Amino acid sequence: GYVGGEGDAGGTSRWHAMMRTTFVLAILLVSALGMQQRKSSTYRMAGQSLESPQTAPYQRQRLMKSSLLRACRLRGGNAQQQGETFEFKAEIAQLMSLIVNAFYSNKDVFLRELISNAADAIDKVRHESLTNPAILEAEPDLHISLIPDAGAKTLTVWDTGVGMTKEELQQNLGTIAHSGTKAFMEAMRKGEAELPLIGQFGVGFYSAFLVADYVEVFSRRGEGDVFRWASDAKGSYSIELADFEGLKRGTAVVLHLKEDQLDLLNPQTLRELVKTHSQFVTHPIRLRQATAPATPGTEAGESAPSSPPSAEAAAAGVEPPLSDVSVEDVPAEGNTPTPSDQTAAVEGWAVLNQQPPIWMQPPSELTHAEYAAFYKAISGDFDEHLALKHFSVEGQIGMRALLFIPKRAPFDAFERETRSNQLRLYVRRVYVAERVEQLCPEWLSFIRGVVDSDDLPLNVSREMLQQSNKLLKIMRRNIVKKVIEMLTELADSDDGRYQVFYTQFSKNLKLGVYEEETHRVKLAGLLRFSSSMSGGNQTSLSEYVSRMGANQSKIYYIAGESEASVRASPFVEALTSRGLEVLFMVDPIDEYVMQSLREFDGKAFACITTANLQLDPVDGGSATVSKEEQSRLQALCNMTKQVLGNLVQNVVLSSRLANSPCVLVTDEWGWTANMERIMRAQALRDPTMTALMAPRKTLELNPAHMLVRSLAQRVGAAPGAAASSDVEEAMRLLYETALLDSGFSIDAPSEFTARIHRLLSRSMSA
């Protein structure tokens, strides 16, 4: 029976398998029939039957393809209509970790965020007091207090602002990305009023967890109860009634610092953070710190608001000890301090932001001393500023700016990586960045000051701007325009300040001429150069043009290593002898400036070291030369070219020289001798570019010079013959001296010195 049962089971299994196969085949058949019916109906929808004998094969394929695509679209539309809508879900602990660790690149910004929130709370209570003055009666003093407690390892940020109820704590702190400040501002806009508050994203508070592993918030609104909000940022928080001594109105955020963030309990660290990020918050920021003990005979100062107790003591309702009482509360008269009282340290208050944001005030209300103090505070400079520009702009963007020009250029003026204390950008008086490349061009790197705008969009961390290139370009144009106005006013003054500026920042100004195409003409008018007629002083291009003769159509200049070398250059001889003025450009950047500055006031610039220099006709001229002498001179030029070979492109007679025997000139579109010297000094120069732009030299001989005529006579005495060794050596010496006089360097100085030594030996033995 067991075997028979086994056989029955096997037959039953085979029967089930056959039934499953039949069932599957039936389903496939039904599906195929249904598909055929849909295809037929779809083809009929296309307007032509595929079974028609008149339908070509390729037409059948096209009709089938279009019909199937249409059917797919119809089926997709039906599926979309039947879709469901779901809400996003979030892992709160992971989301909090992302907010804390991904939004902010610098942990120090936590204090900026908490102070900004506190400042907004104070602004809110001030606004509410306009319609309800009684709200300020409980705590009329509006300030922000920083209380480090080394014993408890806590840092408390306490404000006397509007405070929060239980519901507001739950809404503002328990709801991620909900900004109470933003909601407050939207409500105000509906009433056609506006208050420049800072908060807008609703996540700034959570930056506290960058430095703290546990945060408590004690808050009281009006005469209501004190509520305590607490969380460790792991997905939950608690709210309960609490007692916080001294909290009459406002909010106290108690940060239980992480072990690696205990340096925040150092008062100096807090001072630096406030100075960097929140120096110009409009409300006083007070820091409680240890001060020197009172000494006998010392009179106490004016009384100040009592010191808020430590976080733990306040939360527990314990009276603060003597060491927690501010120095202003120590009795001054009527009680004689004991020796122990005199030696014990006491706690006092220091206001960290005493320097007001004076750029928000009208210029007419500020004095020179206030401007000077502000400049020293933001720049760290010991000297006063040289000039300033205080302005505001309304229109496409609202901005206020206060720009200063220092008296001295910093040593790292052109070092991008180390340069600091530049133009600071603030948004609603909260520091954003010190170097915004789109805001200030490179040539204005010497400008110090602040720019503040309420219209700039920031990213969530408020550490950088969002994509707002249009607004930044508008701000940049206004800044550049105002700086040029300031420099023009400085140049027009007769107090000597512009000369001080130009001595320190001429390179910046020339870089502006090179880069700033829009304002190139205005900046060129601010340039100053020494010249052959300036008498040791510097002259402007406008002054040069005013001294030009009636027949002079170009502005002549020469670039070199120093004023002494260019003043004695043989290139200057022909022009000064004709009464033409030559500008001396001895700054390496001048070569780059002249590449972009082609003309000024309708007068083209002409470099007097180029081969194509055409001097304007003037009285006088070169001495006449006979045809025979002209032939000898031409033979000398040909032989000199044969001797020098590829060292020069050509040898010609010169019409520009007066006293020098020869000179080397270059092509108009190649490097000048000075530019070649500059490029050779580049540490990372490109050899290919050097070979491409190397100047092609032309040797010009002065036909009136006695040395040139003597050589011409020796060459003419034996026409067609090869140059003697003495003549060849003399020609090479002429070339090498021309290299030095023209600003070039000698490639083989040892050969040059050997020739000089042989010449001296022959002269001494003669």
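Up top you'll find the structure we're talking about.
In this text the structure is predicted, and so the values were computed from the model without any measurement.

Thresholds, definitions, all that
Residues numbered from 1 in each chain as written. Predicted model: local features only at pLDDT ≥ 70, side-chain atom pairs only at ≥ 80, totals over all residues. Heavy atoms only, no water. Helix = DSSP H or I, 4+ residues; strand = E, 2+ residues; numbered from the N terminus. Buried < 20%, exposed > 50% of the residue type's maximum accessible area, 1.4 Å probe, protein only. Contact = heavy atoms within 4.5 Å. Areas by Shrake-Rupley, 256 points an atom, 1.4 Å probe, with all protein chains shown as cover. Core = buried A, V, L, I, M, F, W, Y, C linked by side-chain atoms within 4.5 Å. Axes fitted to C-alpha atoms, helices over the stretch in contact; angles between N-to-C directions. Parallel < 35°, antiparallel > 145°, perpendicular 65-115°, else oblique. Left-handed = near helix turned anticlockwise from the far one by under 90°. Nonpolar A, V, L, I, M, F, W, Y, C, P; charged D, E, K, R; others polar. Salt bridge = Lys/Arg side-chain N within 4 Å of Asp/Glu carboxyl O. Pairing = 2+ DSSP bridges. Expected span 1.5 Å × (residues − 1). Arc of directions from axis to C-beta.

A. Region of the structure containing the overall build of the chain. The helix and strand inventory of the chain stands at 23 helices and 22 strands. Here the chain holds 766 residues, and 44% of them are scored as buried. Long-range contacts, defined here as pairs at least 24 residues apart, represent 70% of the contacts in the chain between residues at least 6 apart. Total accessible area on the chain is roughly 41100 Å²; 52% of this is exposed by carbon and sulfur atoms.

B. Representation of the nonpolar core in the model. In terms of nonpolar packing, the biggest core is built from 80 residues, with Leu 403, Ile 405, Val 451, Phe 501 and Leu 509 touching the most fellow members. With twelve residues, the top contributor of residues to this core is helix H11 (residues 469-492). Contacts of Ile 405, omitting those with residues within four sequence positions, involve His 385, Leu 386, Ala 387, Phe 446, Ile 447, Met 486, Leu 487, Phe 501 and Phe 505. The next biggest cluster of nonpolar side chains, apart from the first, holds 44 residues, and it includes Val 109, Phe 110, Val 253 and Leu 352.

C. Region of interest: unusual backbone geometry. In this model, Lys 153 sits at a positive phi of 60 degrees, which is unusual for a non-glycine residue. The residue Lys 153 is located in the loop between strand S1 (144-149) and strand S2 (154-159) in this model. Overall, Lys 153 belongs to the partly exposed group, its relative accessible area being 34%. One non-glycine residue, Ala 233, lies in positive phi territory at about 65 degrees. By the element assignment, Ala 233 lies in the loop between strand S4 (226-231) and strand S5 (237-241). With relative accessibility at 16%, the residue Ala 233 sits in the buried group.

D. The packing of helix H4 (residues 109-129) against helix H7 (residues 267-277), seen in detail. H7 packs onto H4 with a crossing angle of 65 degrees between their chain directions and a minimal axis gap of 9 Å. Compared by their axis directions, H4 and H7 come out roughly perpendicular. Our pair here, H4 against H7, has a crossing hand that is right-handed. Contacts between H4 and H7 involve Val 109, Phe 110, Leu 111, Arg 112 and Ile 115 on the former and, on the latter, Leu 270, Leu 273, Val 274 and His 277. Counted by class, the contact of H4 with H7 contains seven nonpolar, one polar and one charged residues.

E. Fine view of the pattern of salt bridges. Taken as a whole and judged by the stated rule, the model has 26 salt bridges. Across the salt bridge formed by Glu 168 and Arg 221, the nearest N and O atoms sit 3.8 Å from each other. Taken together, the residues Glu 168 in helix H5 (residues 166-172) and Arg 221 in the loop between strand S3 (212-220) and S4 connect sequence positions 53 residues apart. We classify Glu 168 as partly exposed; its relative accessible area is 23%. For Arg 221, a relative accessible area of 27% gives the class partly exposed. A salt bridge links Lys 482 to Glu 485, with the shortest nitrogen-to-oxygen separation between them at 3.8 Å. Within this pair, Lys 482 and its partner Glu 485 are both found in helix H11, separated by three residues, close to a single helical turn. Since its relative accessible area comes to 28%, Glu 485 is described here as partly exposed.

F. Local environment of the sheet that holds strand S10 (residues 399-405). Strands sit in the order S9-S10-S13-S11-S12 across an open sheet of five strands; the sheet is mixed. The sheet is open, and its two borders are formed by strand S9 (387-393) and strand S12 (430-433), each paired with just one other strand. Strand-to-strand twist across the sheet, computed as the mean angle between neighbouring axes with direction ignored, equals 20 degrees. Summarising the sheet, S9 and S10 pair through seven bridges and their orientation is antiparallel. Note that in S10 the partner of Val 393 across the bridge is Met 399. Where helix H10 (residues 368-379) meets the sheet, it contacts S9, S10, strand S11 (423-427) and strand S13 (448-453), and its direction lies at approximately 85 degrees from that of S10.

G. Examining helix H21 (residues 706-717) more closely. A rise of 1.5 Å per residue sets the reference length of H21, with its twelve residues, at 16 Å; its end C-alpha atoms lie 17 Å apart and thus fit the reference within 8%. Among the residues of H21, those classed as buried are Val 708, Leu 711, Ala 712 and Val 715. Burial along H21 is one-sided: seen end-on, the buried residues are contained in an arc of 105 degrees. Residues of H21 that are exposed and point over 90 degrees away from its buried face: Met 706, Gln 713 and Ala 717.

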